[in-house]
Amino acid sequence: MKQALSGVWALLLGIVLIMLGNGMHFTLIGLRGGIEGFSAAELAIVTSGYFMGFLSGARYTPTLIRRVGHVRVFAALGSFMSAGLISFPLLTDPIAWTLLRVLIGFCMSGIYVAAESWLNDAATNETRGKMLSAYMIAQTLGIIGAQGLLTLGDAGTSVLFIGASILVSVSFAPILLSATRAPETEVGRPMSLRALFAGSPLGTVGIFLLGSIYATQSGMGAVFGTEIGMTANSIALFVAMLFAGALTLQYPIGWLSDRIDRRRLIFGAACFGAASCALGWIAGGGLWPMMAAAFFAGGVTTPLYALFLAYTNDFLSAEEMPAASGGLVFTFGLGAIVGPLITGWSMEQLGPLAFWLVLGVTFGAIALYALYRMTQRAATPVEETESYLGVLPTASTVAVQAAGEWAAEQAEAEAEDEARS
């Protein structure tokens, strides 16, 4: 493991620093928005703006890289992102914030494409799985650590926004100074939604609904905390619990994924997520029950993303996987745009606890559709499925494709070993 990561430690360090800055700004939006008197519906639009930009960046950044190269695109996007972060306290208007979030989402998506291209280029068939796992852990630890940094300042001032901007600016130094050469970036044209749905209805519908859940948790969690009167430190802990749960439950769910029918696991995880949201809704303003609800509801979200990717790949040929990866990332992005808008409107109409209601209903919809699909298609034998590899919902198509290739190679190698024995 040490040998595999020795050549990419600087890249992983840079990713941690980027996620510290980006994770701070996600929660700061909810905190500062509440101070400025923005409504839940206005902050929902601001939240969706990030995912609009993210979706656009995933589509257009590879073209920019091919035109001017990784280093220039990486540096330019980093500069724009840093400037965007520091502009939030200067432009306290929902429309301005939405535009800034579109910009930052675009930049982050492009940064992921460039960084994941370098990471994938540095990996071999033997080390790719370990590198992608380390990359996932680095991202998650950065987001969790960002919530701790929020307790060091006051969201009502510019200090925390400046700190986030500094972290993002500094993060590019280890990445750019350690990148020995610019890798090739080939991101295929995404598969159409119709073709994707025909190949895997559960994967397509499920990942759209999961996009809604992920964006609501990460973008509206701080808004919910502000609306019910939680302190800034409690809000930071609440958001941290969403991602700590994902880090904790990723391995056991992944272990089960390679041993039982994935549709049953999707059904069970979605039911567990819905039950966790019910706990949060019933708890009302109870601090620790809400923390537990956040831990478990967030804990199944990221593993479900990887489950849907793995399940979809089970029905595809190796040639179809790159296009399907692009289609799934696009579908997830559409759900991420819609989710916060529905949640914000619901919170305006029904009160802050509608945050849990929308999440619970969406988890329930995933569970019901998984149950329905079990009656429509025979289960794929476990020995014929692709290997599971944890991939974060924030990953670009580059990482998703790399994970799919690794999973296919692992499944093939395991089949050959079994045949020999």
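Because the structure is predicted, anything quoted here is derived from the model rather than measured.

**Q** Mind showing me how you'd approach a nonpolar patch on the surface here?
**A** On the surface, W281, I282, L350, L357 and V361 cluster together into a nonpolar patch covering about 570 Å² of accessible area. Elements with a minimum of two residues in the nonpolar patch: α11 (262-283) and α14 (354-373). By the secondary structure assignment, W281 is in helix α11.

**Q** What exactly am I supposed to notice about a negative patch on the surface here?
**A** A surface patch of negative charge is lined by E42, D93, E227 and E348. In this fold, E348 is placed in helix α13 (residues 321-350).

**Q** How should the environment of A283 be read in this particular structure?
**A** Within the secondary structure layout, A283 lies in helix α11. If sequence neighbours within four positions are ignored, A283 has contacts with P289 and M290.

**Q** Even after reading the chapter, I still don't get the packing of aromatic side chains, so can you show me in this structure?
**A** For any pair of aromatic rings, the description rests on two quantities: the centre-to-centre distance and the angle between the ring planes. Counting across every chain of the model gives 20 aromatic pairs. Look at F88 and W97: their rings are 5.5 Å apart centre to centre, the planes differ by 85 degrees, and that puts the pair in the edge-to-face class. Each member of the pair, F88 as well as W97, is classed as buried. By the ring-pair criterion, three or more aromatic residues cluster together here, those being F26, Y50, F51, F54 and Y112.

**Q** What is the right way to read the environment of T231 from this model?
**A** Here T231 shows up in the loop between α9 (201-227) and α10 (232-257). A C-alpha to C-alpha distance of 9.4 Å links T231 and L31, two positions 200 residues apart in sequence. A distance of 3.0 Å separates a polar atom in the side chain of T231 from a polar atom in the side chain of S234.

**Q** Honestly, α14 in this entry has me stumped. Any pointers?
**A** It helps to recall that an α-helix has 3.6 residues per turn; residues three or four apart then point in one direction. Over its 20 residues, α14 extends 28 Å from the first C-alpha to the last, a length consistent with the 28 Å expected when each residue adds 1.5 Å. A354, F355, W356, V358, L359, G360, T362, F363, I366, A367, A370 and R373 are the residues of α14 that are buried.

**Q** Please clarify how the side chain of S200 should be interpreted in this entry.
**A** Within the secondary structure, S200 is located in the loop between α8 (193-199) and α9. Those residues within four positions of S200 in sequence are excluded, and the remaining contacts are Y311 and T312.

**Q** Could you clarify how one ought to interpret the pattern of salt bridges in this entry?
**A** Side-chain pairs of opposite charge can arise where the charged atoms are in close proximity. One pass over the structure, following the stated rule, counts 2 salt bridges. The shortest N-O distance in the salt bridge between R32 and E36 comes to 2.9 Å. By relative accessible area, which is 7% here, R32 ends up buried.

**Q** Before we go on, may I ask you to explain the packing of helix α3 (residues 40-68) against α9 in this structure?
**A** Each pair of packed helices gets described by two things: the angle between the helix axes and the distance between those axes. Running from N to C, α3 and α9 point in directions that differ by 155 degrees, and their axes come no closer than 10 Å. With respect to α9, the element α3 is oriented roughly antiparallel. As for how α3 packs across α9, the hand of that crossing is right-handed. Mapping the contact onto sequence places A40, L43, A44, T47 and F51 in α3 and A215, S218, G219, M220, V223 and E227 in α9.

Calculation criteria
- Every chain's residues receive numbers from 1 upward, in the order its sequence appears when written.
- This being a predicted model, a pLDDT of at least 70 is required before a residue's local features are given, and a value of 80 or more before pairs of side-chain atoms are given or counted; all residues contribute to the totals for chains, interfaces and linings.
- Side-chain numbers come from the whole structure's heavy atoms, not from hydrogens or water.
- Here a patch means residues that are over 30% exposed by relative accessible area and free of salt bridges, tied together within 9 Å if like-charged and within 5 Å if nonpolar (Val, Leu, Ile, Met, Phe, Trp, Tyr).
- In these tables, accessible area is a Shrake-Rupley quantity obtained with a 1.4 Å probe, and a residue counts as shielded only by the protein chains included in the view.
- Salt bridge criterion: a side-chain nitrogen from Lys or Arg within 4 Å of a carboxyl oxygen from Asp or Glu.
- What counts as a helix is a DSSP run of H or I of at least four residues, what counts as a strand is a run of E of at least two, and both are numbered from the N terminus.
- Under this rule, positive means Lys or Arg and negative means Asp or Glu; His and the chain ends count for nothing.
- Taken as the charge location is NZ of Lys, CZ of Arg, CG of Asp or CD of Glu.
- By definition in these notes, contact holds between two residues if any of their heavy atoms fall within 4.5 Å.
- Centres within 6.5 Å are what make two rings of Phe, Tyr or Trp a pair, Trp counting through its six-membered ring; a difference in plane orientation under 30 degrees is then read as stacked, over 60 as edge-to-face, and the rest as tilted.
- Burial here depends on accessible area, computed with a 1.4 Å probe over protein chains only, as a share of the maximum for the residue type. Under 20% is buried, over 50% is exposed, and the range in between is partly exposed.
- Polar contacts, as counted here, are pairs of nitrogen or oxygen atoms within 3.5 Å of one another; within protein the pair requires one atom able to donate a hydrogen and one able to accept it, and residues that are adjacent in sequence qualify only if both atoms are side-chain atoms.
- One less than the residue count of a helix, multiplied by 1.5 Å, gives the span that helix is expected to have.
- What counts as an axis is a line fitted to C-alpha atoms, over the stretch in contact for a helix, and the angles between N-to-C directions run from 0 to 180 degrees.
- These descriptions rest on fixed angle ranges, namely under 35 degrees for roughly parallel, over 145 for roughly antiparallel, 65 to 115 for roughly perpendicular, and the rest for oblique.
- For any helix crossing, the convention is left-handed if the near helix is rotated counterclockwise from the far helix by under a right angle, and right-handed if that rotation is clockwise.

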